[in-house]
Amino acid sequence: SPLSSSSAASDVYKRQPLAQANEDAGLICGWRFFCDTQRRVEAMTAQSAAQWLGAERPLTEPGRRDFLWLHFNLANTQSLRWLQRHAALPEVFYTTLREGLASTRIERSDDSLVAVLNDVNFEFNFESADIATLWICLDERLVVTARTQPLRSVDALRAGVRQGDSPASTAELLEHLMRTQADVLVKVVRETTARVDDIEDAIIAQRYHHPRAHLGRLRRLLVRLQRLLAPEPAALFRLLQQPPAWMGEDDRRGLAAASEEFSLMLRDMQTLQDRIKLLQEEVAAAVNEDNSNSLFVLTVVTVLALPINILAGLFGMNVGGIPLAEHEHGFWIVVSIVIAFTVIAAWLAFRKKRYRD
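Residues numbered from 1 in each chain as written. Predicted model: local features only at pLDDT ≥ 70, side-chain atom pairs only at ≥ 80, totals over all residues. Heavy atoms only, no water.

## Observations regarding the pattern of salt bridges
Then, number 1: Taken as a whole and judged by the stated rule, the model has 10 salt bridges.
Then, number 2: Across the salt bridge formed by Glu-91 and Arg-98, the nearest N and O atoms sit 3.6 Å from each other.
Then, number 3: A relative accessible area of 40% places Arg-98 in the partly exposed class.
Then, number 4: The residue Glu-107 makes a salt bridge to Arg-105 at a minimum N-O spacing of 2.4 Å.
Then, number 5: On the basis of relative accessible area, Glu-107 is assigned to the partly exposed category, the value being 27%. (Salt bridge = Lys/Arg side-chain N within 4 Å of Asp/Glu carboxyl O. Buried < 20%, exposed > 50% of the residue type's maximum accessible area, 1.4 Å probe, protein only.)

## As for the side chain of Ser-109
Then, number 1: Considering the arrangement of structural elements, one finds Ser-109 in strand E4 (residues 105-109).
Then, number 2: When sequence neighbours within four positions are dropped, the list of residues in contact with Ser-109 reads Pro-90, Val-92 and Val-114. (Helix = DSSP H or I, 4+ residues; strand = E, 2+ residues; numbered from the N terminus. Contact = heavy atoms within 4.5 Å.)

## With respect to a nonpolar patch on the surface
Then, number 1: A contiguous nonpolar patch, built from Leu-306, Ile-310, Leu-314, Phe-315, Met-317 and Val-319 and spanning about 530 Å² of accessible area, is present on the exposed surface.
Then, number 2: On the secondary structure map, Leu-306 appears in helix H10 (residues 306-315).
Then, number 3: Note on Leu-306: relative accessible area 46%, which makes it partly exposed. (Patch = residues over 30% accessible without salt bridge, like charges linked within 9 Å, V, L, I, M, F, W, Y side chains within 5 Å. Areas by Shrake-Rupley, 256 points an atom, 1.4 Å probe, with all protein chains shown as cover.)

## Description of unusual backbone geometry
Then, number 1: Positive phi, close to 55 degrees, is recorded for Ala-88, a residue that is not glycine.
Then, number 2: Its place among the elements puts Ala-88 in the loop between helix H3 (78-86) and helix H4 (91-99).
Then, number 3: Of the residues examined, Ala-88 reaches a relative accessible area of 67% and is grouped as exposed.
Then, number 4: Residue Asp-110 is not a glycine yet carries a positive backbone phi of 60 degrees.

## Details of helix H8 (residues 231-241)
Then, number 1: All buried positions along H8 are accounted for by Glu-232, Pro-233, Ala-235, Leu-236, Leu-239 and Leu-240. Taken around the axis of H8, the buried residues stretch over an arc of 165 degrees, which confines them to a single face. For H8, the exposed residues set more than 90 degrees away from the buried face come down to Phe-237, Arg-238 and Gln-241. (Arc of directions from axis to C-beta.)

## Considering the nonpolar core
Then, number 1: One finds Trp-69 and Ile-136 to be the most contacted residues of the largest nonpolar core, which totals 32 residues.
Then, number 2: Going through the elements one at a time, strand E1 (27-33), strand E3 (67-73), strand E5 (112-120), strand E6 (131-138), helix H5 (152-162), helix H6 (170-204), H8 and helix H9 (249-304) are the ones with two or more residues in this core.
Then, number 3: Sorting elements by how many residues they give to this core places H6 first, with 5 residues.
Then, number 4: Among residues more than four places away in sequence, those in contact with Ile-136 are Phe-93, Leu-113, Val-114, Ala-115, Leu-117, Val-143, Val-144, Thr-145, Leu-174 and Leu-177.
Then, number 5: One finds Leu-70, Phe-93, Val-116 and Leu-142 within the second-largest nonpolar core, a separate group that totals 27 residues. (Core = buried A, V, L, I, M, F, W, Y, C linked by side-chain atoms within 4.5 Å.)

## A few points about H6
Then, number 1: The end-to-end C-alpha distance of H6, which contains 35 residues, comes to 51 Å, matching closely the 51 Å that a straight helix rising 1.5 Å per residue would cover.
Then, number 2: Downstream of H6 by a residue or two, Gln-206 has a phi angle that is positive, lying close to 55 degrees. (Expected span 1.5 Å × (residues − 1).)

## Topic: the environment of Leu-222
Then, number 1: Among the structural elements, Leu-222 can be located in helix H7 (residues 211-229).
Then, number 2: C-alpha of Leu-222 to C-alpha of Gln-273: the two residues are 51 residues apart in sequence and 6.7 Å apart in space.
Then, number 3: Look past the residues within four positions of Leu-222 in its chain and what remains in contact with it is Thr-192, Met-269, Leu-272, Gln-273 and Ile-276.

## Section: the sheet that holds strand E2 (residues 41-43)
Then, number 1: Judged by pairing direction, the sheet is mixed, and its 7 strands sit side by side in the order E2-E1-E3-E7-E6-E5-E4 without closing on themselves. Each edge of the open sheet is held by one strand with a lone partner, namely E2 and E4. Taken over all neighbouring pairs, the strand axes of this sheet differ in orientation by 15 degrees on average, direction set aside.
Then, number 2: Here E3 pairs with strand E7 (residues 142-147) via 6 bridges, running parallel. If you follow Asn-73 over to E7, its bridge partner there is Arg-147.
Then, number 3: In the packing of H3 onto the sheet, contacts are made with E3 and E7, and the angle to E3 comes to roughly 150 degrees.
Then, number 4: The strands touched by H6 are E3, E5, E6 and E7; relative to E5, the strand with the most contacts, the crossing angle is about 15 degrees. (Pairing = 2+ DSSP bridges. Axes fitted to C-alpha atoms, helices over the stretch in contact; angles between N-to-C directions.)

## Details of the packing of aromatic side chains
Each aromatic ring pair is characterised by the separation of its centres together with the angle its planes make.
Then, number 1: In the structure shown here, the tally under the stated rule is 3 aromatic pairs.
Then, number 2: On the numbers, 4.8 Å between centres and 15 degrees between planes, the contact of Phe-33 with Phe-67 is stacked. In this pair, Phe-33 sits in strand E1 while Phe-67 sits in strand E3, placing the two residues 34 residues apart along the sequence.
Then, number 3: What makes Phe-67 buried here is its relative accessible area of 0%.
Then, number 4: Between Phe-93 and Tyr-94, the aromatic rings sit 5.8 Å apart at their centres with planes inclined by 70 degrees, giving edge-to-face as the arrangement.
Then, number 5: A residue is classified by how much of its surface remains accessible, and Phe-93, at 0% relative accessible area, is buried.
Then, number 6: Tyr-94 gets classed as buried once you look at its relative accessible area, which sits at 5%.
Then, number 7: Taking the ring centre of Phe-34 as reference, the NZ or CZ of Arg-40 above it sits at 3.9 Å. (Phe/Tyr/Trp six-rings, centres within 6.5 Å; stacked < 30°, edge-to-face > 60°. Lys NZ or Arg CZ within 6 Å of the ring centre and 35° of its normal.)

Structure follows, in structure tokens:
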């Protein structure tokens, strides 16, 4: 893992001068949020962020500080080296990265928060594999987010910051991230619902040839999303019972509201799962009915062919005393007998089917 390989090189990296630090160090984007009346936002590089984190900063307002949001790409091995060198994050954050935990969690570590959130990939194709993890660590002055694959919610939050969205605190930034995550998942649920609507209309019109495969793929996606995302509201609720000292009342209310919105989205997801399950049962019933009809046709053909097979077997025996062997119209008599028995067998078979229907 990138964390295990970073430990050996950490001492060498620490001995490098700050000016020689890698310019990006896997940093996708960095922003400094000013806690002033103008709510300014300033883009940061890895070097400027390192200088800011290493400097002493006075309070800009009573109880409030400027803060940074740094978003890293863990596929770059420089990322963890930079974080260990400059960010002073709690060890539990690195342990979480090392173990690769993907189950949703939000917990305290002293005065910091460590969170694991799940989101859909930027190139989302409605496959259960198109889900990736976002690791988060934040305190009063720093928010660090890290991922291995591009995620939609973080990209939407970055776009919002570029357009002037300026949270007043790190907790408010976490709230914005959770709301953005919920918005992205709501869009996924809506698009999935639209696809299910199309499949349902096609099933009713009997013009959909492979509904089981498509419904199964959508259901697997929703099941995996719900399994990964369901712990999030409960984890946030436990956190809000004992929040860090730097988290204000407004921040707690905002996070609680975001958790409620997320719970509603999860309920919508469960409802859609139940609907897909009913459609799958309906499709399975239709398949069973088709199989039953095919088996009935095969049975009828076998029954209709039974008289002629029996008579052909009897009259084909090379023994003496075969009836009608010397009769002038023997062939037509036998044909008449076969037809009569076939008609009787067909009448009995179709009468039973009509009674079942």
